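A closer look at the structure
Listed below are the residues making up each chain.
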Amino acid sequence: MRDRQHFVGAWLGDKELAHLRKQCAVTGLSVSAFVRKAIAGVQLRPRPPGEYGALLRELAAIGNNINQIAYWANARKSIHEPEIVEAAVLANEAWRLVKDKL
């Protein structure tokens, strides 16, 4: 059985319908979901770009590499400059990717 038992229809002009469809496309929501969230006062935001998944995976890999370098440094009680440079390069690349996608 449906959770929602009440249907509400609305007559819209061409411009209003075009605007509603554009907002639904931007947020990635259906018309029904968009209207329900708007009524509930939810702040609607644009859907994140598809590249975010790849960006998050890359950031996780960079975090793992930095953790490994920290582990090696603690285990050996020292760290070599190339390892520090590699971590810095990875962190800078991650920052560049984030800035490019925002």
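Below is a short write-up of the structure. (Residues numbered from 1 in each chain as written. Predicted model: local features only at pLDDT ≥ 70, side-chain atom pairs only at ≥ 80, totals over all residues. Heavy atoms only, no water.)

Let us look at the overall build of the protein. When you go through the protein residue by residue, the secondary structure sums to four helices and zero strands. Reading the helices (α) and strands (β) of the protein from amino to carboxyl end gives α-α-α-α. Scaling as 2.2 N^0.38, a compact globule of 102 residues should have a C-alpha radius of gyration of about 13 Å, whereas the protein reaches 23 Å, well beyond that. Here the C-alpha coordinates of the protein stretch approximately 70 × 35 × 20 Å along the principal axes. By residue count, 13% of the 102 residues in the protein fall in the buried class. In the protein, once contacts between residues fewer than 6 apart in sequence are set aside, the share between residues at least 24 apart is 34%. Accessible area of the protein: about 8700 Å², with a carbon and sulfur share of 58%. For the protein, the distance from the average position of its 15 positive side-chain charges to the average position of its 10 negative side-chain charges is 10 Å. (Helix = DSSP H or I, 4+ residues; strand = E, 2+ residues; numbered from the N terminus. Rg over C-alpha atoms; globule rule 2.2 N^0.38 Å. Buried < 20%, exposed > 50% of the residue type's maximum accessible area, 1.4 Å probe, protein only. Contact = heavy atoms within 4.5 Å. Areas by Shrake-Rupley, 256 points an atom, 1.4 Å probe, with all protein chains shown as cover. Lys, Arg positive; Asp, Glu negative; His and termini not counted. Charge placed at Lys NZ, Arg CZ, Asp CG, Glu CD.)

What follows concerns helix H1 (residues 14–27). Each α-helix turn comprises 3.6 residues. Residues three or four places apart therefore point the same way. For H1, spanning 14 residues, the distance from its first C-alpha to its last is 20 Å, which sits close to the expected 20 Å at 1.5 Å a residue. For H1, every residue scored as buried is listed here: Leu20, Cys24 and Thr27. Angular distribution of buried residues about the axis of H1 spans 75 degrees; they occupy a single face of the element. Of the exposed residues in H1, those oriented more than 90 degrees away from the buried face are Asp14, Lys15, Arg21 and Lys22. Along its buried surface, H1 packs onto helix H2 (31–39). (Expected span 1.5 Å × (residues − 1). Arc of directions from axis to C-beta.)

In this section: the side chain of Thr27. Among the structural elements, Thr27 can be located in helix H1. Within the structure, Thr27 has its side chain in polar contact with the backbone nitrogen of Leu29 (distance 3.5 Å). Not counting chain neighbours up to four residues away, the residues in contact with Thr27 comprise Phe34, Leu44, Arg45, Pro46 and Arg47. (Polar contact = N/O pair within 3.5 Å; in protein donor to acceptor, adjacent residues only side chain to side chain.)

Glancing now at the environment of Ser30. Locating Ser30 in the fold gives a position in the loop between H1 and H2. Put simply, Ser30 and Gly41 are 11 residues apart on the chain and 17 Å apart in space, counted from C-alpha to C-alpha. Engagement of the side chain of Ser30 in a polar contact is seen with the backbone nitrogen of Ala33, the distance being 3.1 Å.

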